[in-house]
Amino acid sequence: AGLVGFTPEELAGKDVMHFVVPEDADHVLKKSKAGLRDGAGSPYWFRIRNRDGNIRTLIGSVAGIEYAGKKSVLGAFLDMTEYRETEIKAFTDLKLTSFGEISEGLEKEMNNLLACINGYAEIARDEAPEEKIRQMLEQVLFSCKRGWDLLSRIRVISGNEKAEKSAVDMNTLV
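Caption draft 1: Focus on the overall build of the protein chain. Of regular secondary structure, the protein chain possesses five helices and three strands. Relative to its 174 residues, the protein chain shows a buried fraction of 22%. Just so you have it, the protein chain exposes about 13,100 Å², and 58% of that area is on carbon and sulfur atoms.

Caption draft 2: Inspection of the layout of surface pockets at higher detail. Of the voids in this model, the largest pocket is the one considered here, and its volume is about 540 Å³. Val 16, Met 17, Phe 19, Phe 46 and Phe 77 are the residues nearest the centre of the largest pocket, which is lined by 21 residues in total. Where the lining of the largest pocket is concerned, the elements lending two or more residues are α2 (25–38), β1 (44–49), β2 (55–67) and β3 (70–79). The greatest single-element share of the lining of the largest pocket, amounting to five residues, is contributed by α2. Looking at the lining of the largest pocket residue by residue, the classes come out as 18 nonpolar, one polar and two charged.

Caption draft 3: Just the side chain of Glu 107, in detail. Relative to the helices and strands, Glu 107 is located in helix α3 (residues 81–127). Residue classification places Glu 107 among the buried residues on the basis of a relative accessible area of 13%.

Caption draft 4: Seen up close, the confidence of the model for the protein chain. Taken residue by residue, the protein chain gives an average pLDDT of 82. The fraction at 70 or more is 89%. Here helix α5 (residues 170–173) stands out as the least confident element of the protein chain, with mean pLDDT 62; β1 is the most confident, with 89.

Caption draft 5: View of the pattern of salt bridges. Enumeration according to the criterion identifies ten salt bridges in this entry. With a closest N to O distance of 2.8 Å, Glu 10 and Arg 51 form a salt bridge. Remark: Arg 51 occurs in the loop between β1 and β2 and Glu 10 occurs in helix α1 (residues 8–11); sequence separation between them is 41 residues. The partly exposed category is assigned to Arg 51, whose relative accessible area is 44%. Overlapping salt bridges, with partners in common, bring together Glu 23, Asp 24 and Arg 47 in one network.

Caption draft 6: Broad picture of the nonpolar core. Grouped together as the largest cluster of nonpolar side chains are eleven residues: Val 4, Phe 6, Phe 19, Val 20, Ala 25, Val 28, Tyr 44, Phe 46, Ile 48, Leu 58 and Val 62. Elements with a contribution of two residues or more to this core: α2, β1 and β2. If you tally residues by element for this core, the top one is β1, at three residues. If sequence neighbours within four positions are ignored, Ile 48 has contacts with Leu 3, Val 4, Phe 19, Val 20, Val 21, Asn 54, Ile 55, Arg 56 and Leu 58.

Caption draft 7: Quick look at the side chain of Asp 24. Its location among the elements puts Asp 24 in the loop between α1 and α2. Those residues in contact with Asp 24 that lie beyond four places of it in its chain are Phe 46 and Arg 47.

Caption draft 8: Spatial organisation of a nonpolar patch on the surface. Taken together, the side chains of Leu 106, Met 110, Leu 113, Ile 117 and Val 140 make up a nonpolar region of the molecular surface, amounting to roughly 400 Å² of accessible area. Counting residues per element, the nonpolar patch draws most heavily on α3, which supplies four residues. Of note, Met 110 is situated in helix α3.

Caption draft 9: Seen up close, helix α4 (residues 131–158). The end-to-end C-alpha distance of α4, which contains 28 residues, comes to 41 Å, matching closely the 40 Å that a straight helix rising 1.5 Å per residue would cover. Here α4 has its buried residues at Leu 137, Leu 141, Cys 144, Gly 147, Leu 151, Arg 155 and Ser 158. Backbone geometry just after α4 places Gly 159 at a positive phi near 85°.

Caption draft 10: Summary view of the sheet that holds β3. As summarised here, the arrangement of the three strands in space is β1-β2-β3, forming an open sheet in which the pairing is antiparallel. Both outer strands of the open sheet, β1 and β3, are each paired with one neighbouring strand and no more. The mean angle between the axes of side-by-side strands here comes to 45°, regardless of whether they run parallel or antiparallel. Of the pairings in the sheet, the one linking β1 to β2 comprises six bridges and is antiparallel in character. Within β2, the residue paired with Phe 46 across the bridge is Leu 58. Contacting β1, β2 and β3, α2 runs over the sheet at an angle of about 25° to β2. The strands that α3 touches are β1, β2 and β3; relative to β2, the one it contacts most, it runs at about 135°.

Here is what the cut-offs are and how they apply
Residues numbered from 1 in each chain as written. Predicted model: local features only at pLDDT ≥ 70, side-chain atom pairs only at ≥ 80, totals over all residues. Heavy atoms only, no water. Helix = DSSP H or I, 4+ residues; strand = E, 2+ residues; numbered from the N terminus. Buried < 20%, exposed > 50% of the residue type's maximum accessible area, 1.4 Å probe, protein only. Areas by Shrake-Rupley, 256 points an atom, 1.4 Å probe, with all protein chains shown as cover. 1 Å grid on protein atoms, 1.4 Å probe; cavity = no way out; pocket = protein on both sides within 12 Å on 5 of 7 lines; lining within 4 Å. Points joined across faces, edges and corners; volume = space filled by probe spheres on them. Nonpolar A, V, L, I, M, F, W, Y, C, P; charged D, E, K, R; others polar. pLDDT = per-residue confidence, 0-100. Salt bridge = Lys/Arg side-chain N within 4 Å of Asp/Glu carboxyl O. Core = buried A, V, L, I, M, F, W, Y, C linked by side-chain atoms within 4.5 Å. Contact = heavy atoms within 4.5 Å. Patch = residues over 30% accessible without salt bridge, like charges linked within 9 Å, V, L, I, M, F, W, Y side chains within 5 Å. Expected span 1.5 Å × (residues − 1). Pairing = 2+ DSSP bridges. Axes fitted to C-alpha atoms, helices over the stretch in contact; angles between N-to-C directions.

Below, the structure written as structure tokens:
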């Protein structure tokens, strides 16, 4: 009763599947039937929607038993919402940390490549005999600049650098 926010009286006669998140319903039915059939159900994860509309993550099992000479159902459920949220946050933090470490190594390697390409392109542009070749080399230099801008954004996303704030003239953007 406490998990869904209703009193035992309000729950009397209600189908418990009413509270199960629709995407989990087939799984819950399958596991519950197995527990009733086998007499001892294995634990399974599922989600319910409580009275307030919030989704809670539970682990539970059901078993068919005999109680006072009648076939009955025994269910045990544990609210694992906070545990699951902490687990997801820890996994997300781990992924972000890994992304930061990978991006740092990638940035160093790409920086070296871009510096090499940029340097040779500048020399070649300055010594190019034809305007058309100089224009093509300007495109290479422009691409290097775009590469460095991209690396800068990756540093910010990965947490390896703070975002730079700058004033923007909105009139030039419109």
